[in-house]
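Per-entry structural report
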Amino acid sequence: MALLEVEALTKSFGGVTAIADLSFDVPPGQVYSVIGPNGAGKTTLFNMLSGIYHPDDGSIRFMDQGVVGRQPHQVAALGVSRTFQNLQMFFNMSVLDNVMVGCHLRTRTGLFSAALRLPRIKREEKLSRQWAREALAICHLDKFIGQEAGSLPYGVLKRLEIARALAVEPKLLLMDEPAAGLNDTETLEMRKLIRRICESGITVLLVEHNMGLVMQVSDRILVLDYGSRLAEGTPVEIQNDRRVIEAYLGGEVQYAL
Amino acid sequence: MRRLAGLCLLATIVVVLPILFPDNYYVTVVGVTALLHAILAVSLNLLMGYAGQISLGHAAFFGIGAYTSAILTTRYGWDPWAAIMAGLALTGLVSFLVSRPILRLKGHYLAMATLGLGIIINIILVQGDQLTGGPDGLGGIPTLSLFGWALDTDLRWYWMMGATLLGVVWLALNIIDSRSGRALRALHGSEVAAEMMGINTTAAKTGVFVLAALIASLAGGLFCHQQSFISPDSFNFFFSIELVTMVVLGGMASTYGAVFGALILTLLPELLVVFEDFEVMIFGAILMLMMIFLPQGLFVGLQNLVLRWLNRRRSAAFGAVGE
Ligand SMILES: Nc1ncnc2c1ncn2[C@@H]1O[C@H](COP(=O)(O)OP(=O)(O)OP(=O)(O)O)[C@@H](O)[C@H]1O
Ligand SMILES: [Mg+2]
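Note that this is a predicted model, so its numbers are computed, not measured.

About the cut-offs
Residues numbered from 1 in each chain as written. Chains lettered and ligands numbered in written order. Predicted model: local features only at pLDDT ≥ 70, side-chain atom pairs only at ≥ 80, totals over all residues. Heavy atoms only, no water. Pairing = 2+ DSSP bridges. Helix = DSSP H or I, 4+ residues; strand = E, 2+ residues; numbered from the N terminus. Axes fitted to C-alpha atoms, helices over the stretch in contact; angles between N-to-C directions. Contact = heavy atoms within 4.5 Å. Donors = N, O, S within 2.8 Å, 3.2 Å for Na, K, Ca; no water. Buried < 20%, exposed > 50% of the residue type's maximum accessible area, 1.4 Å probe, protein only. Core = buried A, V, L, I, M, F, W, Y, C linked by side-chain atoms within 4.5 Å. Buried area = accessible area lost by both parts, 1.4 Å probe. Salt bridge = Lys/Arg side-chain N within 4 Å of Asp/Glu carboxyl O. Nonpolar A, V, L, I, M, F, W, Y, C, P; charged D, E, K, R; others polar. Phe/Tyr/Trp six-rings, centres within 6.5 Å; stacked < 30°, edge-to-face > 60°. Near = heavy atom within 4 Å. Polar contact = N/O pair within 3.5 Å; in protein donor to acceptor, adjacent residues only side chain to side chain. Areas by Shrake-Rupley, 256 points an atom, 1.4 Å probe, with all protein chains shown as cover.

1. Comments concerning the sheet that holds strand β6 (residues 80–82) of chain A
Adjacent strands of a sheet pair through backbone hydrogen bonds, lying either parallel or antiparallel. All names here are of chain A. Taken together, the six strands give an open sheet; going across it, the order is β6-β7-β8-β3-β9-β10, and neighbouring strands pair in mixed fashion. A single partner strand is all that each edge strand has here, and the edge strands are β6 and β10 (228–233). Across the sheet, the axes of successive neighbouring strands diverge by a mean angle of 20°, strand direction being ignored. Here strand β9 (residues 220–225) pairs with β10 via five bridges, running antiparallel. Bridging across to β10, Leu222 finds its partner in Glu232. Each of β6 and β7 (172–176) is contacted by helix α6 (residues 154–167), which is oriented at about 160° to β7, the strand it contacts most.

2. Brief notes about the coordination of the magnesium ion (ligand 2)
Residues and elements named next belong to chain A. Distances from the magnesium ion (ligand 2) to its protein donors, Thr43 (OG1) and Gln85 (OE1), fall at 1.9 to 2.1 Å. Of the two residues, Thr43 sits in helix α1 (residues 42–49) while Gln85 sits in the loop between β6 and α3 (95–101), which places them 42 residues apart along the sequence. Residue Gln85 is classed as partly exposed on the basis of its relative accessible area of 35%.

3. Re the nonpolar core
Among soluble globular proteins, nonpolar side chains are generally buried collectively. One finds B:Phe62 and B:Ile230 to be the most contacted residues of the largest nonpolar core, which totals 99 residues. Every residue in contact with B:Phe62, bar those within four places of it in the chain, is listed here: B:Leu36, B:Leu40, B:Ala216, B:Ser217, B:Ala219, B:Gly220, B:Phe223, B:Ser234, B:Phe235 and B:Phe239. Judged by nonpolar contacts, the second largest core, of 39 residues, contains A:Val99, A:Met190, A:Ile202 and A:Leu206.

4. Some thoughts on the interface of chain A and chain B
Between chain A and chain B, the contact holds 36 residues from the first and 28 residues from the second. Both faces considered, chain A and chain B share a buried interface measuring about 2,800 Å² in area, 61% of it formed by carbon and sulfur atoms. There are three salt bridges connecting chain A and chain B. Measuring nitrogen to oxygen at the nearest pair gives 3.9 Å for the salt bridge that ties B:Asp177 to A:Arg117. For the side of chain A that touches chain B, the elements supplying multiple residues, two or more each, are α2 (72–78), β6, α3, α4 (111–115), α5 (120–138) and α6 of chain A. Classifying every residue of the side of chain A that touches chain B by side-chain character gives 17 nonpolar, twelve polar and seven charged.

5. Details of the packing of aromatic side chains
Residues and elements named next belong to chain B. Considering all chains together, one arrives at twelve aromatic pairs over all chains under this definition. Geometrically, the ring pair formed by Tyr25 and Tyr26 is edge-to-face, given 5.4 Å between the ring centres and 75° between the ring planes. Here Tyr25 falls in the partly exposed class, since its relative accessible area comes to 43%. What makes Tyr26 partly exposed here is its relative accessible area of 39%.

6. Let's talk about the site of ligand 1
Residues and elements named next belong to chain A. If you check the shell around ligand 1, you find 14 residues, and the closest are Lys42, Thr43, Thr44, Gln85 and His209. A distance of 2.5 Å separates an oxygen atom of ligand 1 from a polar side-chain atom of Thr44. Here an oxygen atom of ligand 1 and a side-chain polar atom of Gln85 are 2.8 Å apart. In the complex, 65% of the free accessible area of ligand 1, which totals 630 Å², lies under the protein chains. Where the shell around ligand 1 is concerned, the elements lending two or more residues are β2 (16–26) and α1. Per-element accounting of the shell around ligand 1 gives the leading share, three residues, to α1.

Right under this line is the structure:
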């Protein structure tokens, strides 16, 4: 059974149809990529999957529960986490604190017991710190732990966003262009990280423009064009799909081979 | 216990001052006002410095606390402590009711809405003649007593305000360094990312707004019994701006910075006679200059400077060992 089922999803902004009657299923335990040219509606799709936008029509089911109508924090509680195309770091906080925010749903303390520093807080804080360290270690960010997020270079921040999302312990991780702006070494590192995350049992939904990365890392690929599905299949199928080649990817897909 | 080292230092200063200078005007009279301002600044800083939600109407909640307690004790003969509790309850209710519509706004719009709230509450205080005494104010408010110990001297009020400030600072530090505090700082940094981490940002903002209002209300309750006379002027728009200036001067998102800012802005008018005529103008100038030259605030700016200096000395020492 699919982990995520999207059916007849539609969203428009004024006159612009960003997503049109889109359906697809994401099986569990895979890296599933969504590709398409600029403005194809990939980020809009992610925003609907995470509860930030509400679709005009259609349904989204995650682990057999409806997503539409829930707020982002409620979607997060279902087990969905994400990173953002334009970094959304907490620049006013340290690296460790950033990732500890990710542990929010795994802990309980409210404002009141925090204010009075009830004893169980110490235990919870220790646990959160440990979870955050683990998430940082997966992303090879151990050595930045004491630094302020605002002082880190772009490539590190891209991974820090992933560490923060992993601290949520999601079942599905949405990654919006994790390799954008990275150099070749960093991109290679990112590819390994995505595979590591997938092998740890987290399903990855990936949006990425770097075709080399997409073809190497994905189990299945969905191609979007003007918000609709152009093709869907394994990387080999996509690379040989006549419509995909003709439509726009052309040289780029073959180049990646 | 390193977490509370700053609090211990603050406590020492608060305790030692009146012991060294028991009859000093600057300690027992100006000091009480400084402590009161510090309580208010710390509460506003939770909302503004940490959660990033500006309020230009914080004096309103200070006023609700003060007037509720003043009216209940003078007109209805309530016990002062019960009256302060009633003020807290009313403040909690009002702040909760306005928080939902107001905190949906951001930036300038939030500033305008809180400004409006402050003005409305102040107009109610001025216009509610029958109850509030109108622009002439309300006098004859009884003082508080604590376990049969009447707070009837400046020095006793100093202890009362000092203890309250230390309690409030302790609460603030606890909150900031907790799951809830991280949630507040996170929504300041990026609201959408905070939501995605599972934080109900609406609830978190409401929580800190109500908490800040409650602390201001408590300060108001103490203030009215300390002063025995209050008028709407103490709770107007200019006082809200003064509180914002304290937070900005000390350095947003620093609890000790807020205490420091409150101290400076309470002392300055005492030391400079010109202040009286140009008070609002000087606050405006301070705000402007801080924003341009030292946006992280005086306290935090100095703190960073000292830390950097210490670091340099430490790395210089390590360098010497390396050679
Ligand atoms: N909040 C919004 N308001 C109005 N139009 C929007 C909004 N968000 C997206 N759009 C429009 O929807 C379409 C799809 O945008 P989207 O950001 O989803 O594309 P994308 O596939 O992520 O592109 P890119 O690869 O450049 O990130 C675009 O035409 C965009 O202008
Ligand atoms: Mg996009």
